[in-house]
Amino acid sequence: MHTEDWPSTIEEALATQERLRGRVDLTDDLPELPPTVTGLDVAYDDAGGIAAAVVTLETAGLTVVEERTHRAKAVFPYEPGLFAFRELPPLLAALDRLERTPDILVCDGHGLAHPRRFGLACHLGVLTGLPAFGVGKTPFIGSHEPPPASRGCSAPLVDAGELVGAVLRTQDGVKPVYVSAGHRIGLAHACRLTLALTPRYRLPETTRHADRLSRAALR
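Residues numbered from 1 in each chain as written. Predicted model: local features only at pLDDT ≥ 70, side-chain atom pairs only at ≥ 80, totals over all residues. Heavy atoms only, no water.

Asks: How would you explain the overall build of the protein chain if you had to name every residue and give the values?
Replies: In terms of helices and strands, the protein chain carries five helices and eight strands. Ordered by position from the N terminus, the helices and strands of the protein chain form the series α-β-β-β-α-β-α-β-β-β-β-α-α. Projected onto its principal axes, the C-alpha coordinates of the protein chain cover approximately 45 × 40 × 35 Å. By sequence separation, contacts in the protein chain at least 24 residues apart represent 66% of the contacts at least 6 residues apart. (Helix = DSSP H or I, 4+ residues; strand = E, 2+ residues; numbered from the N terminus. Contact = heavy atoms within 4.5 Å.)

See the structure below:
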């Protein structure tokens, strides 16, 4: 999980995505409910600073087990499709500070639902070797029909004829979220876990905790 040779240009980043995306493995041998889930998120300030937060919860009760943060300067330009190169260095540093190795990572972003099928969740999973998937607030690519309004209903997210994710309703009558597999987990399993992490609100508790923690770390 080292970033000494981190890409500094868009061309280098694209080449890195192309090189690493073949390492994505969607073989799913996880228990239906892993003992813990670890959420990740970042926040930015107006001076180019970035704060990364990782929060581990018990899956059964959704209580916080451990949390860590890391502050840094963004080392890569703002470029759609390449956000991982801004966010991964501080996220990896925060993960390194955890005492317990995560059972699975839940990213505030996308996995296969990415133009090159290598979003943040894929990249993070490949670099750490950990299972990972993404739950995005908004779509990045693909088209879909609106899912039915009831919690648990979903619709396929399709890009260029390929299934890249699911549009999942986590609460009755609220906007859906966009779930995509990242590494070492299948899409159906990622959707079931997303529902387990959203007992009351639209977004997973992992994302809600990590979002609050990253914002607090900037203050």
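Asks: Report on the side chain of Glu205, specifying residues and quantitative values.
Replies: Mapped onto the elements, Glu205 comes out in helix H5 (residues 205-218). Given the relative accessible area of 8%, Glu205 is considered buried. A polar contact of 3.0 Å, which involves the side chain of Glu205, links it to the side chain of Arg208. Setting aside anything within four residues of it in sequence, one finds Glu205 in contact with Leu57, Leu62, Leu197 and Pro199. (Buried < 20%, exposed > 50% of the residue type's maximum accessible area, 1.4 Å probe, protein only. Polar contact = N/O pair within 3.5 Å; in protein donor to acceptor, adjacent residues only side chain to side chain.)

Asks: Tell me what's going on with the nonpolar core, and back it up with residues and numbers.
Replies: By size, the foremost hydrophobic cluster in this structure holds 24 residues, and its most contacted members are Leu40, Leu88, Leu95, Leu105 and Leu124. For this core, the element with the most residues is helix H2 (residues 84-96), which contributes seven residues. Setting aside residues no more than four positions away along its own chain, Leu88 makes contact with Trp6, Leu120, His123, Leu124 and Leu127. If you look at the next biggest cluster of nonpolar residues, it comprises 23 residues, including Val55, Leu57, Ala190 and Leu193. (Core = buried A, V, L, I, M, F, W, Y, C linked by side-chain atoms within 4.5 Å.)

Asks: I'd love a proper account of the environment of His144, names of residues and values included.
Replies: Take His144: it is sitting in the loop between strand S5 (132-136) and strand S6 (154-159). When the C-alpha positions of His144 and Leu157 are compared, they lie 5.1 Å apart, and in sequence the two are 13 residues distant. When sequence neighbours within four positions are dropped, the list of residues in contact with His144 reads Pro156, Leu157, Val167 and Tyr178.

Asks: Break down the UniProt feature "site: Interaction with target DNA" (unreviewed entry) in the protein chain for me, citing the residues and quoting the values.
Replies: Here, UniProt's "site: Interaction with target DNA" (unreviewed entry) annotation points to Tyr78. With respect to the helices and strands, Tyr78 occurs in the loop between strand S3 (64-73) and H2. Classification of Tyr78 by relative accessible area gives exposed; the value is 60%. (UniProt positions renumbered as here; feature names shortened; annotations may be inferred.)

Asks: Explain the sheet that holds strand S4 (residues 105-107) to me, and be specific about the residues and the numbers.
Replies: The strand order S3-S2-S1-S4-S5-S8-S7-S6 describes an open sheet built from eight strands, whose pairing is mixed. The outermost strands of the open sheet, each flanked by one partner alone, are S3 and S6. Sheet twist, expressed as the average angle between the axes of neighbouring strands with direction ignored, equals 25 degrees. Of the pairings in the sheet, the one linking strand S2 (residues 49-58) to S3 comprises nine bridges and is antiparallel in character. (Pairing = 2+ DSSP bridges. Axes fitted to C-alpha atoms, helices over the stretch in contact; angles between N-to-C directions.)

Asks: Account for the environment of Leu33, with residues named and values stated.
Replies: Along the chain, Leu33 falls in the loop between helix H1 (10-20) and strand S1 (36-44). When the C-alpha positions of Leu33 and His189 are compared, they lie 9.3 Å apart, and in sequence the two are 156 residues distant. When neighbours within four sequence positions are excluded, Leu33 is seen to be in contact with Thr59, Leu193 and Ala196.

Asks: Explain the packing of H2 against helix H3 (residues 120-128) residue by residue, including any values.
Replies: Interhelical geometry of H2 versus H3 gives an angle of 45 degrees and a closest axis separation of 11 Å. Taken as axis vectors, H2 and H3 run oblique relative to one another. Note that H2 runs across H3; the crossing there is right-handed. Residues Ala84, Phe85, Glu87, Leu88, Leu91, Leu92 and Leu95 of H2 pack against Leu120, His123, Leu124, Leu127 and Thr128 of H3. By residue class, the composition of the contact of H2 with H3 is nine nonpolar, two polar and one charged. (Parallel < 35°, antiparallel > 145°, perpendicular 65-115°, else oblique. Left-handed = near helix turned anticlockwise from the far one by under 90°. Nonpolar A, V, L, I, M, F, W, Y, C, P; charged D, E, K, R; others polar.)

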